[in-house]
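A look at the structure
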Amino acid sequence: MTTQAMPMTAHPDPLLRPGNTNCAGCGMSLGLHWIDEILGSERPYLVIPACCGIVTAGAYPTSAYGVPTAAATFASAASYATGIATVAALNNEHHPVICWTGDGGTYDIGLATLSAAAERNEDILYICYDNEIYGNTGGQRSSATPEGVVTTTTPRGKGERKKNMMAIMAAHRVPYAATLSVAHREDFLRKVRTALSTKGFRFLLMLSPCPTGWKSEPDQSVELIRAAVGCGIFPVFEVFDGDRYVINVPRDGTPIEDYVEKQRRYSGLAADPSRLRAQIDDQWRMLERMIHSGRPHV
Amino acid sequence: MGRALVTGNHAAAWTLARAGEANRIARGCAGGAYPITPQTEIIEHLRNFAFTKGRIVPVESEHSAMGVCIGASLAGARAFTASSANGLSYMTENVFAAGYYRLPIIMVAVNRALGPPWNIWVDQGDSLALRDAAWMQFYTESHQDLIDTILLAFRVAEDPRILLPAMIATDGFISSHTTMVADLPDQEQIDAFLPPLNVPHRLRFDHPATIGGLTWPRETEHLRHAIQRAMELVPTVYAEAQDEFERVFRRRPHGAMEPYHTDDAEIVLVACNTMARTARRVVDLRRAQGQRVGMVQAKMFRPFAGQALRNAIGPAKRIAVLDRNHSPGAGGVFWQEAVAALRSRPDVLVQDYIVGLCGGDVTPDVLERIVDDLSARADAVEPIWQEVTA
C-alpha cells in the first residue's frame, strides 16, 4: 500500500503544493491554502516579486506553486501583472491575476508601481503578506516595520511608525481593499471571495506572522494575530471604493502586552506599551473618522 | 500606404503599431508607454492607434513600461515599447530581465546623451550601456532602415531558434524629428511578413511552471550559454529574414554590416546611425577625387557581426571607427568591438575617433578631416576626440 499526501484542497494541483520551503508558523502557508479554498476550480496567474514567497517556490525544475507563476523583479509585481491581465482580457480568459508580495515589494520598492496600477484600476488582485520585515534577506527594517521593533538595521529599535498602507490604497479609490487576519477564518474567506468577485484593482493586506523575524514561537502564530486584532494594533476592516469603511472585527480590549511580549523583536527603546496604546488609539480614531465621513451605505 | 514624408518617430510608431496589429490573429499585442524626449511621439502615436486586439498601457515609469512588456510577453502577446537616455537607464533592471526570460520584446531606443549634465541630444551611450543585457541591438541610418529593421527584428526575435528581445536604435532629433521620404508598408504586407507569435515558454495552465525562479549555478550557466548559442545564430536568421523581407516587400533591407564601395577601398570608415549616411556622402566626395575610400554601416551591434565586418572592409588596411559614445577609461564602444573582431587581422590599422558626442554635429567636413588624418597616420593611437584632441 502506498502512502499518499492528504490533498489540502478539492482540486488535484493546489495553489501551494506540499514540500514547499516555508518556515513553520509562516503566515503565507495558511493564507495561500485559504485563498485556494475560495478559488476552488478557478486557477489564477501568480506574480511574485523578490520576497520569501518566491523562495517558497523552491529551485528549478520544481515549483511549489501549482499555477503558472512569474517571478518578477522586486519593484515589478504590479507592472508584470498589468501585462498579464491585459493579455488575459484581450483573449477573453477568466483567470484571476494575483500578485503575491511581501511588504518590501509593496510598502517600499514596489510602491510606485503598485500606486500606478491602482490608479489605472487594472484588473488585478494584489495581496500583500506583510511580515513587517525584509525576511528573505535576514530581517531588515521596512516601512512596514512598527516603531520599537528591533531588526538587523534597527538594532536599538525602529524610530519611525509603520506606514499606513490601507490609507494609501483607499486614497486611490480602488474598488476593494481589506485587511486579512489568519485568526479569523470566516472573515478571511468572505473577503477573499469578495475580492475575487470584484472587477478592477483589489488590495488585500494580510498580517503575516513570521516566527523567524518576529522571534516568536511557530505554534503561537495564529494566537499572535488574534492578539494583534484584539488589542487593535491590526484592525480588521474593508474599504469599498476608497470611501465606505467597514470594521469587520472590533478590538476587544486584549492588552497590547499579550501581543508584544510573545515576540522578542519588540525590545527596542520605543516599544513601550503605553506608547503603543496611544498609537493604536490614534489609528482607531482615524478609522472611525473615515467610517463616519464615508458615503451612506446604500 | 506607400511612399510618404515622415519623421523618424512617425516611422517607428507606424511600424510598431502595425507589427502589433499583425498579431491580432494570435494573442494580440501590448506594451507600456512612458514619455521621454526625444522618443515621446512614438508612444503618443501608439496610444492613439486603434488596435483590434491590443493595449498600450500608460505607466508611471520606464521600469514599469518594460514590466508591462514582460508580463504581456509572458502571457504570449507581441510586446513593444520605446525609450531614450535616462529612461533606458531607469528601465535597466527589467531590460536585463526581458533578455534572461528569453522574451521577444521589441524596443525602439531613440539615442540621447545620458545625464547629468542635462543634454537631450544624440549619443549612442544610452543603448550601448545595455550591450550586455541579452538583447539584440541594431543601429539604423535612415527612416527606411529604421522601418525595415523593426520588422526584421520582430521576425528574428520571435524565431523559435532565437527568442531574444531586440533594441532598434536611431538618432535623437537628427532622425527622430526630421522628415525623410520612406516606404511605409501596408498592414497586409506586414501580416504576410510576421507570422502569428508563439512564445513557447509562456505562462500556461496546462503546464503550470514558475518562470524566473531559483536555479542553481550549473543550470544558470546552461541558460546563459543557451543565450550565447542563440546570439551566434542571429546573423544566419537575420540573413534569412532579409530574403523573406525582399520576397514580401520587393526591397532588400540592409545587412548586418552593410558595405559601401569597399571592394577596392584603401580606407574604410565604420559608422552607425546617421553618421553612416554622412560617411556615404564623404565616400562619394573622395571617390570623385580619385581616392579609394569606402564605408561600412555597422548595423548589427549585438550580436556583434564580427565575421560580417571582416568581410565588409574588403582589402582596406586602414579603418576609422566613428564612435558617438564613450566608455570612460576605455574609449569608443564600437571601436572596442571592431578591434576585437579584427584581432585576426594585425595588418589592419584601426583608429578610433570620438565624434559628435552628446549631440555635436558630424558634418562631411568632420569626416573628411578624419579621412585625411587616417591617410597620414603611421600607427593607431589612443582614441582621438575630434572636438578636443584633434
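What to know about the interface of chain B and chain A
Taken together, the contacts link 38 residues of chain B with 33 residues of chain A. In terms of residue count, the dominant contributor to the side of chain B that touches chain A is helix H3 (residues 62-74) of chain B (nine residues). Summarising the sheet, strand E2 (residues 69-71) of chain A and strand E9 (residues 210-211) of chain B pair through two bridges and their orientation is parallel. Bridging from a neighbouring strand, A:Thr69 pairs with B:Thr210 of E9(B).

Some details on the nonpolar core
Counting 224 residues, the largest nonpolar core has A:Val47, A:Ile84, B:Ile150, B:Ala153, B:Ala166 and B:Val270 as its most contacted members. Two domains share this core, each providing at least three of its residues, namely domain 1 (2-249) and domain 2 (257-385) of chain B. Contact partners of A:Ile84, with chain neighbours within four places excluded, come to A:Tyr45, A:Val47, A:Val97, B:Gly71, B:Leu74, B:Ala75 and B:Leu203.

A word on the confidence of the model for chain A
Across chain A, the average pLDDT comes to 93, with 95% of residues at 70 or higher. Contacts of residues 1-10 of chain A to residues separated by more than four positions or lying in other chains number seven contacts, the stretch itself having pLDDT below 50.

Things to note about the domain arrangement of chain B
Residue and element names in this part refer to chain B. When its domains are assigned, chain B resolves into domain 1 (2-249) and domain 2 (257-385). Between the C-alpha centres of domain 1 and domain 2 the distance comes to 27 Å. The interface of domain 1 with domain 2 comprises 28 residues on the first partner and 21 residues on the second. Where the side of domain 1 that touches domain 2 is concerned, the elements lending two or more residues are helix H5 (125-128), strand E6 (136-139), strand E7 (166-171) and helix H8 (217-249). The element best represented in the side of domain 1 that touches domain 2 is H8, accounting for five residues. Of the residues belonging to the side of domain 1 that touches domain 2, the class tally is 14 nonpolar, nine polar and five charged.

Observations regarding the pairing of strand E5 (residues 106-111) of chain B
Residues and elements named next belong to chain B. With six of six residues buried, E5 lies mostly within the body of the structure. Alternating positions in E5 separate into two faces, Ile106, Val108 and Val110 on one and Met107, Ala109 and Asn111 on the other, with burial throughout. Where strand E4 (residues 78-83) meets E5, four bridges bridge the pair, whose relative direction is parallel. Bridging from a neighbouring strand, Thr81 pairs with Met107 of E5. Viewed along the sheet, the connection from E4 through helix H4 (residues 85-100) into E5 turns out right-handed. One ladder, built from six bridges, connects E5 with E7; its direction is parallel. Bridge pairing in E7 places Met107 opposite Met167.

The rules we used
Residues numbered from 1 in each chain as written. Chains lettered and ligands numbered in written order. Predicted model: local features only at pLDDT ≥ 70, side-chain atom pairs only at ≥ 80, totals over all residues. Contact = placed C-beta atoms within 7 Å. Helix = DSSP H or I, 4+ residues; strand = E, 2+ residues; numbered from the N terminus. Pairing = 2+ DSSP bridges. Core = buried A, V, L, I, M, F, W, Y, C linked by C-beta atoms within 7 Å. Buried ≥ 20, exposed ≤ 12 C-beta atoms within 10 Å, placed from the backbone. Domains from an automatic or database assignment. pLDDT = per-residue confidence, 0-100. Nonpolar A, V, L, I, M, F, W, Y, C, P; charged D, E, K, R; others polar. Right-handed = clockwise from strand over helix to strand, strands pointing away.

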